[in-house]
Amino acid sequence: MMSNEQGAVAINFSLYLITDRKLLTPHSSLLTAVEDTLKGGVKAVQLREKDLNTRELLELAYKMRELTKKYHAKLFINDRVDIALAVDADGVHIGQKSIPAHAVKKIVQDKLIIGVSTHSLEEALEAERDGADFITLGPIYETPSKLKYGKPIGVDTLKRVKSKLSMPVFGIGGIKLDKVREVKETGADGIALISAILASKDIRKTTEDFLRLLNQNEGQTY
Ligand code: TZP
């Protein structure tokens, strides 16, 4: 795995696509939808299909690995360190009820990048102390499934958290094209999203639109 001089992992993407196959139309498959995002330029995908059983998830993860490799994109597996290791994913993404980052580190050492979902400054600081490589923070805005993710915390919290941490912070939750500028202005390192891309009519074009906005006026990795 690539590391920078401080030993930290290089997070060289700004758009973090998270999967939810339930948002797709009955006619499209998750692999086709993800391939469209990769054609549009996505460089990091998190496989997050919580209702699949272990065998089903493993099978899908192998396919996702092959697909993301073809487009030189990173693959993260939600919650399942074992599956991430088995399919040779780039990373694992854990939540507040998952095995914590310090325990993941003990298992995987430097083999996997560790992303952590956080919802507050306290959780973000804890993730950093625990050895996370980056965090998502949110929900920033209301999301269709807001009950599941709690009340929106807003861009001011995102800005505050970013200013207190040295690791990359990705805003998440309800981020649509018209919010990208505001999120960028917080200093966040990128955005993570599901529905704005996967539920859009033209997945590839929407991905390109997000990346264009993220890259605007930037000499950085956005
Ligand atoms: N964590 C906080 S909000 C959220 C997750 C997984 C959902 C993001 O989905 P969307 O569709 O981009 O709002």
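Residues numbered from 1 in each chain as written. Predicted model: local features only at pLDDT ≥ 70, side-chain atom pairs only at ≥ 80, totals over all residues. Heavy atoms only, no water.

Engineer: Can you walk me through the packing of aromatic side chains in this structure?
Structural biologist: The description of an aromatic ring pair uses the distance of the two centres, along with the angle that the planes make with each other. Per the stated rule, a full pass over the model turns up nine aromatic pairs. An angle of 75° between the planes, with centres 5.6 Å apart, marks the rings of Phe-76 and Phe-134 as edge-to-face. On the criterion of sequence distance, the pair formed by Phe-76 in strand β3 (residues 74-78) and Phe-134 in strand β6 (residues 134-137) is long-range, its members being 58 residues apart. On the basis of relative accessibility, which here comes to 0%, the residue Phe-76 falls in the buried class. The exposure class of Phe-134 is buried, given its relative accessible area of 0%. Clustering of aromatic rings is evident, with ring pairs tying together Phe-13, Tyr-16, Phe-76, Phe-134 and Phe-170. (Phe/Tyr/Trp six-rings, centres within 6.5 Å; stacked < 30°, edge-to-face > 60°. Helix = DSSP H or I, 4+ residues; strand = E, 2+ residues; numbered from the N terminus. Buried < 20%, exposed > 50% of the residue type's maximum accessible area, 1.4 Å probe, protein only.)

Engineer: Please clarify how the pattern of salt bridges should be interpreted in this entry.
Structural biologist: The tally for this structure, following the rule as stated, stands at 11 salt bridges. The shortest N-O distance in the salt bridge between Asp-82 and Arg-80 comes to 2.9 Å. According to the relative accessible area criterion, Asp-82 is partly exposed, its value standing at 43%. The partner of Asp-189 in a salt bridge is Lys-162, and the shortest N-O contact between them spans 2.7 Å. Of this pair, Asp-189 sits in the loop between α8 (180-184) and β8 (190-193) while Lys-162 sits in helix α7 (residues 154-164); the two residues are 27 residues apart in sequence, bridging distant segments of the chain. On the basis of relative accessibility, which here comes to 23%, the residue Asp-189 falls in the partly exposed class. Taking relative accessible area as the criterion, Lys-162 reaches 17% and is therefore assigned buried. Salt bridges linked by common partners bring Arg-21, Lys-22, Glu-49 and Asp-51 together as one network. (Salt bridge = Lys/Arg side-chain N within 4 Å of Asp/Glu carboxyl O.)

Engineer: Help me understand the site of the ligand, please; the structure alone is not making it clear to me.
Structural biologist: Within the structure, the ligand sits among Arg-48, Pro-139, Thr-143, Tyr-149, Ile-172, Gly-173, Gly-174, Leu-193, Ile-194 and Ser-195. One of the backbone nitrogen or oxygen atoms of Ile-194 is found 2.9 Å away from an oxygen atom of the ligand. In the model, an oxygen atom of the ligand is placed 2.5 Å from a nitrogen or oxygen of the Ser-195 side chain. Residue classes in the shell around the ligand are distributed as five nonpolar, four polar and one charged. (Near = heavy atom within 4 Å. Polar contact = N/O pair within 3.5 Å; in protein donor to acceptor, adjacent residues only side chain to side chain. Nonpolar A, V, L, I, M, F, W, Y, C, P; charged D, E, K, R; others polar.)

Engineer: Even after reading the chapter, I still don't get unusual backbone geometry, so can you show me in this structure?
Structural biologist: The phi angle of most residues is negative, glycine excepted, and most peptide bonds adopt the trans form. The omega angle of the peptide bond from Gly-138 to Pro-139 is 5°, so this bond is cis rather than trans. Along the chain, Pro-139 falls in the loop between β6 and α6 (146-149). Notably, His-72 is not glycine yet its phi reads approximately 55°, a positive angle. Tracing the backbone through its elements, the reader meets His-72 in the loop between α2 (54-70) and β3. One non-glycine residue, Asp-79, lies in positive phi territory at about 70°. With respect to the secondary-structure elements, Asp-79 resides in the loop between β3 and α3 (81-86).

Engineer: Looking at this model, I keep getting lost on the packing of helix α1 (residues 30-39) against helix α10 (residues 203-215). Mind explaining?
Structural biologist: To describe two helices that pack against each other, one gives the angle between their axes and the distance between the axes. Orientation of α1 relative to α10, taken along the N-to-C sense of each, is 40°, at an axis distance of 8 Å. One finds that α1 runs oblique with respect to α10. When the axes of α1 and α10 are compared, the crossing they make is right-handed. For the pair α1 and α10, contact is made by Ala-33, Asp-36, Thr-37 and Lys-39 and by Ile-203, Arg-204, Thr-207 and Glu-208, respectively. (Axes fitted to C-alpha atoms, helices over the stretch in contact; angles between N-to-C directions. Parallel < 35°, antiparallel > 145°, perpendicular 65-115°, else oblique. Left-handed = near helix turned anticlockwise from the far one by under 90°. Contact = heavy atoms within 4.5 Å.)

Engineer: Even after reading the chapter, I still don't get a negative patch on the surface, so can you show me in this structure?
Structural biologist: On the surface, Asp-156, Asp-178, Glu-182 and Glu-185 cluster together into a negatively charged patch. The exposure class of Glu-182 is partly exposed, given its relative accessible area of 36%. (Patch = residues over 30% accessible without salt bridge, like charges linked within 9 Å, V, L, I, M, F, W, Y side chains within 5 Å. Areas by Shrake-Rupley, 256 points an atom, 1.4 Å probe, with all protein chains shown as cover. Lys, Arg positive; Asp, Glu negative; His and termini not counted. Charge placed at Lys NZ, Arg CZ, Asp CG, Glu CD.)

Engineer: What is the right way to read the sheet that holds strand β2 (residues 44-47) from this model?
Structural biologist: Within a sheet, adjacent strands bond to each other through the backbone by hydrogen bonds, running parallel or antiparallel. Read around the barrel, eight strands follow the order β1-β2-β3-β4-β5-β6-β7-β8 and close on themselves; strand pairing throughout is parallel. Recorded for the sheet is a direction-independent mean angle of 25° between the axes of neighbouring strands. Here strand β7 (residues 169-172) pairs with β8 via three bridges, running parallel. In the strand pairing of β8, Ile-172 is matched with Ala-192. Across the face of the sheet, α10 comes into contact with β1 (15-18) and β8 while running at roughly 150° to β1. (Pairing = 2+ DSSP bridges.)

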